[in-house]
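Listed below, chain by chain, are the residues.
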Amino acid sequence: TSAKLDRIFELRPDLVLGFSDLQADIAADLIRQGLNVHIFNHRDIAGIFGMIAVLGGMVGCEEKAARLCATLSENLERIRASAAQFAVRPRVYFEEWDEPMISGIRWVSELVGVAGGDDCFEDHSRESLARNRIVADPMEVVRRAPDIILGSWCGKKFQPKSVAARTGWDAVPAVCCGFADSPETSKAKNVSMDVGRPDPRRRSMISSITVSRRAAL
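Residue numbers run consecutively from 1 along every chain, following the written order of its sequence. Residue-level local features of this predicted model are given only where pLDDT is at least 70; pairs of side-chain atoms are given and counted only at 80 or more, and the full residue set underlies all totals for whole chains, interfaces and linings. Excluded from the side-chain calculation are hydrogens and water; included are all heavy atoms of the structure.

1. What about the confidence of the model for the protein?
To keep things clear, this is the line we draw: Confidence scores labelled pLDDT are given residue by residue by the predictor and lie between 0 and 100. Residue contacts follow a heavy-atom distance rule, with two residues in contact if any of their heavy atoms lie within 4.5 Å.
The predicted model of the protein averages 84 in pLDDT, with 81% of residues at 70 or higher. Low pLDDT, under 50, characterises residues 179-194; the stretch is placed with 46 contacts to residues that sit more than four places away or in other chains. Counting interchain partners and residues more than four positions distant, the pLDDT-below-50 stretch residues 213-217 has 20 contacts.

Structure below.
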C-alpha cells in the first residue's frame, strides 16, 4: 500500500494509526520523521474488539470503548440468533481481490457465519497474509459451488458481470441464478463499504450478507 506522507506530516498528528504488515514501510517512514505511530494487526472479530479497547485506552476513553464493544457484541449475538432460525445455511464465496483472486480474511469468514452462511474458503481465512489466501485455480470456486458471491475489491468497485463471465463459472449456483444490483435480490453483490477495513462498521456488512442470503433461499 501507499500513502501521501507529506499530507500526513502537514497535519502534525499526535498519533498515527495503521493496520497490518502491509503498512509497515509507511509506519517506518513516519517514525523516522518523528511521528508517534501505532500499528494494529488483528485478523478476527475478537481482535477488532481488542483494537477498540486498546485505542480507547490510548485516548482516555476506556469506558466509551467498553460500551461500544458491549453494544457490538450484543448486536452480533442478536443477528446470530435470528440467522439460526433459517433451515438452510448457504455457501458463501467472498472475494477480497480479483487479480489474483483472494478470498476473505478471518473476520469476514466469521461474519458470514454470524449471518447464517458457511464460508466456502473458511480454510483459507485462517491465513493472516493475503498472499496465502490467493485462489490460484479459479475452478476451485466452481468446485466449492457457492450459493452467494460477495465482493469488496479494496480500492475499486466490485464488478458482478465480470465475475459471472469467468470461464466455467456459469456452473456456479450463484451465477446460475443470475446477478442483480438490488440488495433485495442479489446473489452476487457489491458490498459498497470497504469490508477489508478492520473497524467496527461490520454491522452493515452483516446486513448485506443476510439480505443476499435470504435471496438465495
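Here the narrative resumes, following the displayed structure.
2. Digging into the nonpolar core
Buried together is how nonpolar side chains tend to be arranged in soluble globular proteins. Heads up, the condition is: Buried Ala, Val, Leu, Ile, Met, Phe, Trp, Tyr and Cys residues that are joined via side-chain atoms within 4.5 Å together make up what is termed a nonpolar core. Remark: exposure states derive from per-residue accessible area (1.4 Å probe, protein chains only) relative to the maximum for the residue type, with buried under 20%, exposed over 50%, and partly exposed in between. Under the scheme used here, helices are H or I runs from DSSP no shorter than 4 residues and strands are E runs no shorter than 2 residues, and both carry numbers assigned from the N terminus.
Residues I52, W107 and V108 are the most contacted members of the largest nonpolar core, which totals 21 residues. Those elements that provide at least two residues to this core are helix 3 (45-58), helix 4 (62-83), strand 3 (91-98), helix 5 (106-114) and strand 6 (148-151). Ranked by size, the runner-up nonpolar core spans 15 residues in total, among them V141, I149, A174 and V175.

3. Notes on the pattern of salt bridges
We apply this condition: Put simply, a salt bridge is a Lys or Arg side-chain nitrogen that is within 4 Å of an Asp or Glu carboxyl oxygen.
This model, assessed by the stated rule, comprises 14 salt bridges. Across the pair R32 and D29 runs a salt bridge whose closest N-O atoms are separated by 2.9 Å. Of this pair, R32 and D29 both sit in helix 2 (residues 24-32), 3 residues apart, which is roughly one turn of the helix. The exposure class assigned to D29 is partly exposed, which follows from its relative accessible area of 32%. For E96, the salt bridge is made with R133, and the minimal N-O distance between the two is 3.0 Å. Of this pair, E96 sits in strand 3 while R133 sits in the loop between helix 6 (122-125) and helix 7 (139-144), and the two are 37 residues apart along the sequence. Pair check on accessibility: E96 and R133 agree, each one buried.

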